[in-house]
Amino acid sequence: MSLLNYIDGRWEAPAIEMDESVRDASTGEVLFWQRSSTADQIERALKAADAAHASGVWMAMSPQARADKLNAIADEMLGRDHAIAVADARATGVIVALTDKFAQICAGAFRQAAELCLNPPQPTPREGSYGPLAIERLPLGPAAIIAPWNAPSGIAAHKAASALAAGCPVLLKPSEWAPMSAQLMTEAAASVGLPNGLWQLLHGDGAVGAALTSDTRVRAVSFTGGLQGGRAVAAACADGIKPAQLELGGNNPLVVLKDADLDAAADGVVTALITLNGQWCRALGRLLVHQTVCDALLDRVRERLATVRLGNAMDAESQMGPLVSQRHHALVQTHVAQLLAQGGQVLTSTAVPDLPGWFVAPTLVTGLDPEQTLEEIFGPVATVHCFESDDEAVHLANQTPFGLAAYVFGEENHAWSIANRLRAGLIKLNAVSMLNLHPQAPRPAWGLSGLGDEGTVETFEFFRGTRVIGVAGRTAVASDTVAEAQAG
């Protein structure tokens, strides 16, 4: 499968050949060479998106017609779900059992978006001094969607479906490290007869994303990725005074209280380490344990890690796969080496397979001062810190500049009392999972973890703006003007 852009209803190759290849994360096999879009290709995509928005062709369709198109895209995606899952598993190293679920979630995102077309949230009616006000929520305009490599299909589908439901043309820029599932989704969208310019795909590196976010024709940007990229997007959007939705990283704490069920807590620690191979914005970053149960918990974690099957992402028996690339593997290993140089000790018991991919065993590092572990690693590595009191636990959990997710294990009322004091957007008690607490619940971010909530309704509303119209006063009409009007 060749990399292809989709611009103004036509497929074409990104014209710039890049120096990096995307390899199968489990084997090292070259899958394809990265390519990027030229300034001319980016300009034509922007021009087409702007024209599609100005024409009003999409919003001129009835809500039912637009919902039918989104449901048709969902059907087409289900026909490509295994191909999407395989593309993501091979490029990212995430086990295919999980990417299969993500591929099915893609179709669900478009069905939810179709429902929002038919039943959008309505503004509260207001009565002015001279009659009712017209309060409307309207599409902002062309939307740049910049997707990450770690869960590329599900995140891109959620953002793109939300933008289309809101009425915005989509300019999708996937990560150059995992672009194929976005191309398959674009095939699905292109096959249902959307108006030209409504959905466009541009491959490339950060330069393509920068060109989109800085262009005045782009009216909103939704980005998921790292802090450095998020800061660049935020700066570009600030300069253009346009809304930015940012979901960034998180050095997430998992707090184990002295009254916790240690078996449940150990299961949670392992899940938080191995899900998405630790390449997960809500993964475990810092394990905070009451000193009276620390040894017992770590013994349980070590036992469970010894049973984790680390292997090829396409192997149905694998519970965890490799990291996304040789570059990222080296970065994670460098982080671990730095922690060891500062006095840390490694705790790990998972066997690393004799395979050519980029495998890292899930690892805990003990013996460090908490001040040494404030930054995110974005891999299957977390540090361990003991605490003596609830106040200390809360201080450690809130110590980093991030605030995406947190986990608390303990007697339920006790766990609630701790959760109520944490600065994080999503806090789960006594379990760790990829799933949200409720399908319709928002996914907020605090601190350096992001800007603006995500969620089924929240992302849909991000792409809309409010317009208010009403009569502000009555004016007298001169009698001769009335007479002239009547005579006319």
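Keep in mind that what you see is a predicted model, and the values were worked out from it rather than measured.

A. Structural detail: the overall build of the protein. Looking only at helices and strands, the protein features 16 helices and 23 strands. Scaling as 2.2 N^0.38, a compact globule of 488 residues should have a C-alpha radius of gyration of about 23 Å, and the protein matches this with 25 Å. Taken along the three principal axes of its C-alpha coordinates, the protein extends 95 × 50 × 35 Å. Considering the protein as a whole, with its 488 residues, one finds that 54% of them fall into the buried category. Sequence separation of at least 24 residues holds for 74% of the intrachain contacts in the protein that already meet a minimum separation of 6. Surface accessibility of the protein: about 20,100 Å² in total, with carbon and sulfur atoms responsible for 53%. In the protein, 34 positive and 51 negative side-chain charges are present, and the distance between their average locations comes to 5 Å.

B. Local environment of the nonpolar core. One finds L70, I73, F110, M185 and W199 to be the most contacted residues of the largest nonpolar core, which totals 60 residues. Ranked by the residues each element gives to this core, the list is headed by helix α5 (residues 96-118), at 10 residues. The contact partners of L70, leaving out residues within four places of it in the chain, are F110, A113, A114, C117, L164 and A165. Within the second largest apolar cluster, 41 residues are counted, among which are A265, A266, L347 and Y407.

C. Highlighting the side chain of N398. Within the secondary structure, N398 is located in the loop between α13 (390-397) and β18 (402-403). Within the local environment of N398, its side chain forms a polar contact with the backbone nitrogen of R423, the two atoms lying 2.8 Å apart. Non-local contacts of N398, meaning those with residues more than four positions away in its chain, are made with R421, L422 and R423.

D. Structural context of the sheet that holds strand β19 (residues 405-409). In space, the 7 strands of this open sheet follow the order β15-β16-β17-β14-β13-β19-β20, with mixed pairing throughout. The sheet terminates laterally at β15 (345-347) and β20 (426-429), the two strands that pair on one side only. Each neighbouring strand pair of the sheet contributes to a mean axis angle of 25 degrees, computed without reference to strand direction. Pairing analysis gives 4 bridges linking β19 to β20, with the strands arranged parallel. In the sheet register, V408 faces β20, and the bridge partner there is L429. Running at roughly 155 degrees to strand β17 (residues 381-387), α13 makes contact with β13 (252-256), β14 (284-290) and β17 of the sheet.

E. Here's a closer look at the packing of aromatic side chains. In the structure shown here, the tally under the stated rule is 4 aromatic pairs. When the ring of F462 is compared with that of F463, the centres are 5.0 Å apart and the planes differ by 75 degrees; the resulting orientation is edge-to-face. Of the two residues, F462 and F463, both sit in the buried class.

F. View of the pairing of strand β3 (residues 16-23). One ladder, built from 5 bridges, connects β3 with strand β4 (residues 30-36); its direction is antiparallel. Bridge pairing links R23 to V30 in β4. Two successive antiparallel strands, β3 and β4, enclose a turn made up of 6 residues, where G28 displays a positive phi of approximately 85 degrees.

G. Broad picture of the environment of K258. Among the structural elements, K258 can be located in the loop between β13 and α10 (262-274). Judged by its relative accessible area of 54%, K258 falls in the exposed class. A sequence separation of 195 residues divides K258 from P63, and the C-alpha atoms of the two residues are 54 Å apart. Discounting residues that sit within four places of it in the chain, K258 has contacts with H290, T292 and V293.

H. Representation of the pattern of salt bridges in the model. Counted by the stated rule, this structure contains 25 salt bridges. Here E29 and R90 are joined by a salt bridge, their closest N and O atoms 3.0 Å apart. Taken as a pair, E29 in the loop between β3 and β4 and R90 in helix α4 (residues 81-92) lie far apart in primary sequence, 61 residues in all. In this structure E29 comes out as partly exposed when scored by relative accessible area, which is 42%. Since its relative accessible area comes to 26%, R90 is described here as partly exposed.

I. Seen up close, the environment of A166. Tracing the backbone through its elements, the reader meets A166 in helix α6 (residues 152-166). Overall, the relative accessible area of 2% leaves A166 in the buried class. With 296 residues separating them in the primary sequence, A166 and F462 have C-alpha atoms 8.7 Å apart. If sequence neighbours within four positions are ignored, A166 has contacts with M59, P139, F460, F463 and R464.

J. Quick look at helix α7 (residues 180-190). Taking burial as the measure, the 11 residues of α7 include 9 buried ones, the bulk of the element. Buried residues of α7: M180, S181, A182, Q183, L184, M185, T186, A188 and A189, and no others.

K. Representation of unusual backbone geometry. You will see that D8, though not glycine, has its phi angle at about 50 degrees, which is positive. In this structure, D8 sits in the loop between β1 (5-7) and β2 (10-12). D8 gets classed as partly exposed once you look at its relative accessible area, which sits at 26%. Phi is positive for N430, which is not a glycine, with a value near 65 degrees. Of note, N430 is situated in the loop between β20 and β21 (446-447).

L. Up close: the side chain of S449. For S449, the location among the structural elements is in the loop between β21 and β22 (450-451). Sequence-distant contacts of S449, defined by excluding residues within four places in its chain, comprise L246, E247, L248, G249, G250, F402, G403 and L404.

M. How the structure looks around the packing of helix α3 (residues 63-78) against α5. At a minimum axis separation of 8 Å, α3 and α5 run at an interaxial angle of 175 degrees. Judged by the inter-axis angle, α3 sits roughly antiparallel to α5. Residue-level contacts link P63, Q64, R66, A67, L70, N71, I73, A74, D75, M77 and L78 of α3 to C106, A107, F110, R111, A113, A114, C117 and L118 of α5. In terms of residue class, the contact of α3 with α5 is built from 14 nonpolar, 2 polar and 3 charged.

The rules we used
Residues numbered from 1 in each chain as written. Predicted model: local features only at pLDDT ≥ 70, side-chain atom pairs only at ≥ 80, totals over all residues. Heavy atoms only, no water. Helix = DSSP H or I, 4+ residues; strand = E, 2+ residues; numbered from the N terminus. Rg over C-alpha atoms; globule rule 2.2 N^0.38 Å. Buried < 20%, exposed > 50% of the residue type's maximum accessible area, 1.4 Å probe, protein only. Contact = heavy atoms within 4.5 Å. Areas by Shrake-Rupley, 256 points an atom, 1.4 Å probe, with all protein chains shown as cover. Lys, Arg positive; Asp, Glu negative; His and termini not counted. Charge placed at Lys NZ, Arg CZ, Asp CG, Glu CD. Core = buried A, V, L, I, M, F, W, Y, C linked by side-chain atoms within 4.5 Å. Polar contact = N/O pair within 3.5 Å; in protein donor to acceptor, adjacent residues only side chain to side chain. Pairing = 2+ DSSP bridges. Axes fitted to C-alpha atoms, helices over the stretch in contact; angles between N-to-C directions. Phe/Tyr/Trp six-rings, centres within 6.5 Å; stacked < 30°, edge-to-face > 60°. Salt bridge = Lys/Arg side-chain N within 4 Å of Asp/Glu carboxyl O. Parallel < 35°, antiparallel > 145°, perpendicular 65-115°, else oblique. Nonpolar A, V, L, I, M, F, W, Y, C, P; charged D, E, K, R; others polar.

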